[in-house]
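Residue strings, one per chain:
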Amino acid sequence: MSALTVTPDTNSQTILQHTTDGAEIAKTLASVGVRFERWEASTPITDGMSHEDILVAYDPEIQKLKDSEGYKTVDVISLTSDHPQKDELRQKFLSEHTHSEDEVRFFVAGEGVFYLHIEDKVYQVLCCKDDLISVPDMTTHWFDMGPTPNFTAIRLFNDPAGWVANFTGDAIADQFPKFEGK
Ligand SMILES: CSCCC(=O)/C(O)=C/O
Ligand SMILES: [Fe+2]
Ligand code: NI
């Protein structure tokens, strides 16, 4: 189940807010400029669908986002525990970074946690199947897919270069609980 936990950035043990209510998650995140929505595919998603099939199933929603926000390219990322570079990729996403464009992810399957470091707080967002999150450009954040990753997400980009991160060099992620998977 999707969840939001808010803490001060200096103390991950002090819980300022914890909720699994979708509307409350969306409201709190909207107050800091982050979009959170739950989507339903017009065509049901089944195991073993190709990336192409997934993009077709969500085409109306993708087109709507492209038209309203100007995103230019879209792809699908899938990561499972048999990925040969899973540990390396986990570490890369665990380093606090920013992007010069919005980070827009729609979880088709599985889950992962975004940690959004905004002003003096950290917003931990457990994203699950059917969750859309859009993190504004230049927001400091990191992501944990856990030691046995299992997710498939649609990614939308403004920049045709795709995923480009600017690492802050801050080791803040070490002070926060990791996602251990489901
Ligand atoms: C959920 S997609 C993989 C993570 C990613 O692209 C990113 O930038 C995390 O911060
Ligand atoms: Fe990112
Ligand atoms: Ni909980």
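Within each chain, residue numbers correspond to sequence positions counted from 1 in written order. All chains are assigned letters beginning with A, and all ligands numbers beginning with 1, in the order in which they are written. Given that this is a predicted model, residues contribute local features only at a pLDDT of at least 70 and side-chain atom pairs are listed and counted only at 80 or more, while totals for whole chains, interfaces and linings are drawn from all residues. Calculation of side-chain values draws on the structure's entire complement of heavy atoms; hydrogens and water are dropped beforehand.

Within an unreviewed UniProt entry, the label attached to the protein reads Acireductone dioxygenase, and the organism entered is Neptunomonas phycophila. The UniProt entry for the protein carries the following comment under Sequence similarities (unreviewed entry): "Belongs to the acireductone dioxygenase (ARD) family." UniProt positions are given in the numbering used here, feature names are shortened, and annotations may be inferred rather than shown by experiment.

1. Points about the coordination of the iron ion (ligand 2)
Metal donors: N, O and S atoms at distances within 2.8 Å, or within 3.2 Å for Na, K and Ca, with water omitted from the atom set so that some sites may seem incomplete. Donor atoms from the polypeptide that bind the iron ion (ligand 2) are His97 (NE2), His99 (NE2), Glu103 (OE) and His141 (NE2), placed at 2.1 to 2.2 Å. Irregular is the default label, applied whenever a site is not tetrahedral (four donors, all angles between 85 and 135 degrees) and neither square planar nor octahedral (four or six donors, opposite donors over 155 degrees apart, all other angles between 65 and 115). Relative to the metal, the six donor atoms surrounding the iron ion (ligand 2) lie at angles of 75 to 168°, and the coordination shape comes out octahedral. Every donor residue of the iron ion (ligand 2) comes from the same chain, spaced as H-x1-H-x3-E-x37-H. Of the two residues, His99 sits in the loop between β5 (97-98) and β6 (103-118) while His141 sits in strand β9 (residues 140-144), which places them 42 residues apart along the sequence. Both residues of the pair, His99 and His141, belong to the buried class. What counts as a helix is a DSSP run of H or I of at least four residues, what counts as a strand is a run of E of at least two, and both are numbered from the N terminus. A simple rule labels every residue: compare its accessible area, found with a 1.4 Å probe on the protein chains alone, to the largest value its type can have, and call it buried under 20%, exposed over 50%, or partly exposed in between.

2. A few points about the pairing of strand β1 (residues 3-8)
Two faces, one strand: in a regular strand the side chains alternate between the faces of the sheet. Burial of β1 is extensive: six of the six residues sit out of reach of the surface. Judged from the six bridges that link them, β1 and strand β7 (residues 121-128) form a sheet pairing that is antiparallel. Within β7, the residue paired with Leu4 across the bridge is Val125. Examined bridge by bridge, β1 and strand β2 (residues 17-19) share three bridges and lie antiparallel to one another. Note on β2: the bridge partner recorded for Val6 is Gln17. Two strands are said to pair when DSSP picks up at least two bridges between them.

3. Observations regarding the UniProt feature "site: May play a role in transmitting local conformational changes" (unreviewed entry) in the protein
As annotated by UniProt and renumbered to match this structure, "site: May play a role in transmitting local conformational changes" (unreviewed entry) occupies Asp102. Relative to the helices and strands, Asp102 resides in the loop between β5 and β6. When sequence neighbours within four positions are dropped, the list of residues in contact with Asp102 reads Tyr71, Ser134, Val135, Pro136, Asp137, Leu156 and Asn158. Each polar contact in these results corresponds to two N or O atoms within 3.5 Å; when the atoms are within protein, one needs to be able to donate a hydrogen and the other to accept it, and residues that are neighboring in sequence are counted only if both atoms are side-chain atoms. Side-chain polar atoms of Asp102 contact the side chain of Tyr71, separated by 2.8 Å. Contacts were defined at the residue level, with two residues in contact if any of their heavy atoms lie within 4.5 Å.

4. As for the nonpolar core
Counting residues in each nonpolar core, the largest one holds 23 residues, and the members touching the most others are Leu29, Phe114, Leu116, Val125, Ile133 and Phe151. Considering each element in turn, this core owes the most residues, four residues, to β6. Here Leu116 is in contact with Leu29, Val34, Lys121, Val122, Tyr123, Val125, Ile133, Val135, Thr140 and His141, once residues within four sequence places are set aside. Among the nonpolar cores identified, the runner-up in size contains 15 residues, and Ile54, Ile62, Leu65 and Leu132 belong to it. Residues grouped as a nonpolar core are buried Ala, Val, Leu, Ile, Met, Phe, Trp, Tyr and Cys residues, joined through side-chain atoms within 4.5 Å.

5. So, the packing of aromatic side chains
The description of two aromatic rings rests on the distance between their centres and on the angle between their planes. Here a Phe, Tyr or Trp ring, Trp counted by its six-membered ring, pairs with any other such ring whose centre lies within 6.5 Å, and the pair is stacked when the planes are under 30 degrees apart, edge-to-face when over 60, and tilted otherwise. This structure, assessed with the given rule, holds twelve aromatic pairs. Summarising the aromatic geometry, the rings of Phe93 and Phe143 are spaced 6.1 Å apart at their centres and angled 80° between planes, so their arrangement reads as edge-to-face. Remark: Phe143 occurs in strand β9 and Phe93 occurs in helix α4 (residues 86-94); sequence separation between them is 50 residues. Since its relative accessible area comes to 10%, Phe93 is described here as buried.

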